[in-house]
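# Survey of secondary and tertiary structure
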Amino acid sequence: MADRIAVIEDDAPTRMMLVTLLEGAGFTVDAAASGAEGISMVEREHPDLVLCDLLMPEMDGLEVTGRIRKGPANHAQIVVLSAVDAVEEKIKVLERGADDYLVKPVGPAELVARVKAMLGRADALRLQGARRNGRLMAVLGAKGGIGTSSVAINLAAALGKRKADSVVVADLAVPVGTLGIMLGLPIPEKWVWREFVLDGAASDHRLHSYLMRAAHLPMRLLPGVRQGSPYRDVSVEAVNQFAAGLHALAETVVVDLGNQPSSFVPPVMRQANDILIVVEPEVVAVELTAHLIERLHKGGILADRIHLVLSNPHGSLQLNRADVSATLKTDAIAVITYQRDEFSAASKRRIPVVTAPGETVVTRQFEELAKALVPV
Ligand SMILES: Nc1ncnc2c1ncn2[C@@H]1O[C@H](COP(=O)(O)OP(=O)(O)OP(=O)(O)O)[C@@H](O)[C@H]1O
Ligand SMILES: [Mg+2]
């Protein structure tokens, strides 16, 4: 059966040109002249791919993308076409849930090739997804310095202590990941981002070969980007493929996404089984977190995958758990209290605090978190 494409474009000549071109390439094509009409068409027809113009009156491509991602046809590939060639615009569109962004004018041969490649890859990813069942947990914060990386490494270590060789922690915080430093594992010179840039793909095999292990750690590390690494040049397709490939690294893969928007965030969020938002009980952090959660909802990330983890690295007394829950309309699944001496000693030894000897409060708190996500 021919793949089905929905074209949403307000300009009639362009719309006709796209329909003729794509039908000529063997696709079944439906077209709509406005965002609103396009959304009802997509929800009715469930196309494999949506090609949507960015600048349209009334409802633009950004809004259309967001609505499709939240609706019943959210598995469609979405490609946004725009005359605007600006990084900020691209990130906005990708964060809303689009899979690719093409800058007009796109030559007819290139457009057809891109659409075919995207549909082929979507098939391959679905197949792989069915075979791979590693659980992906994304950890992120709305602000720096609030304990995001500490939550990621300690959750990974708490789960890793249960079963040898079952956990990987991946450092995707940009522009600078800190897990290598925190765990005393220097990032290798050969790290993978260069290869992504060079050939646009990372096979499972290759990703596996970058996993680092140390005798003192109950999990392995996929190291982060090096300072000055050209990670920004990695293509959207390569990042999507990489995010889907993370599931295959281990039974559980915990990803530190840091607190900055980047091209890793949207695809990892789409792939993640659990999204842990770290929040400090402090006015500014909570307000920023409220915005972050709203953005996620708008991007089609449903509340059932999102969990809050309360973390208090500065011993803040501004807000308590009830205040935070009330403002964010969700209760935290775990609370990590202020434990200066334990964290400080662990930092110096370059170990996750839960691997320090003895049964401490902090170990119990991280075990509670692990249990809330993966019951024993
Ligand atoms: N519950 C806690 N009690 C005391 N100190 C903590 C706690 N959690 C984390 N810390 C310490 O706070 C500092 C910041 O933690 P961490 O690096 O995990 O935060 P982050 O949000 O990832 O920061 P960055 O913005 O640098 O990525 C570290 O020195 C860590 O050891
Ligand atoms: Mg960090």
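Residues numbered from 1 in each chain as written. Chains lettered and ligands numbered in written order. Predicted model: local features only at pLDDT ≥ 70, side-chain atom pairs only at ≥ 80, totals over all residues. Heavy atoms only, no water.

## Details of the domain arrangement of the protein
Assigned domains within the protein: domain 1 (4–129) and domain 2 (134–373). Relative placement of domain 1 and domain 2: their C-alpha centres are 32 Å apart. At the interface, 13 residues of domain 1 touch twelve residues of domain 2. Of the roughly 1200 Å² buried at the junction of domain 1 and domain 2 (both faces included), carbon and sulfur atoms supply 56%. For the pair domain 1 and domain 2, the number of links is one salt bridge. (Domains from an automatic or database assignment. Contact = heavy atoms within 4.5 Å. Buried area = accessible area lost by both parts, 1.4 Å probe. Salt bridge = Lys/Arg side-chain N within 4 Å of Asp/Glu carboxyl O.)

## Quick word on the nonpolar core
Counting 44 residues, the largest nonpolar core has Leu222, Leu246, Val255, Leu257, Met269 and Ile277 as its most contacted members. Look past the residues within four positions of Met269 in its chain and what remains in contact with it is Ala138, Leu140, Leu257, Ile275, Leu296, Ile301 and Arg305. The next biggest cluster of nonpolar side chains, apart from the first, holds 36 residues, and it includes Leu159, Met219, Ile336 and Phe366. (Core = buried A, V, L, I, M, F, W, Y, C linked by side-chain atoms within 4.5 Å. Buried < 20%, exposed > 50% of the residue type's maximum accessible area, 1.4 Å probe, protein only.)

## Comments concerning the sheet that holds strand 4 (residues 77–82)
Taking strand neighbours across the sheet as the criterion, the five strands line up as 2-1-3-4-5 in an open arrangement whose pairing is parallel. In this open sheet, the two strands that pair with only one neighbour each are strand 2 (28–32) and strand 5 (100–103). Here the strands of the sheet are splayed against their neighbours by 20° on average, with no regard to which way each runs. Here strand 1 (residues 4–8) pairs with strand 2 via five bridges, running parallel. Directly across from Val7, in strand 2, lies its bridge partner Ala31. Contacting strand 1, strand 2, strand 3 (49–53) and strand 4, helix 1 (residues 12–24) runs over the sheet at an angle of about 170° to strand 2. (Pairing = 2+ DSSP bridges. Helix = DSSP H or I, 4+ residues; strand = E, 2+ residues; numbered from the N terminus. Axes fitted to C-alpha atoms, helices over the stretch in contact; angles between N-to-C directions.)

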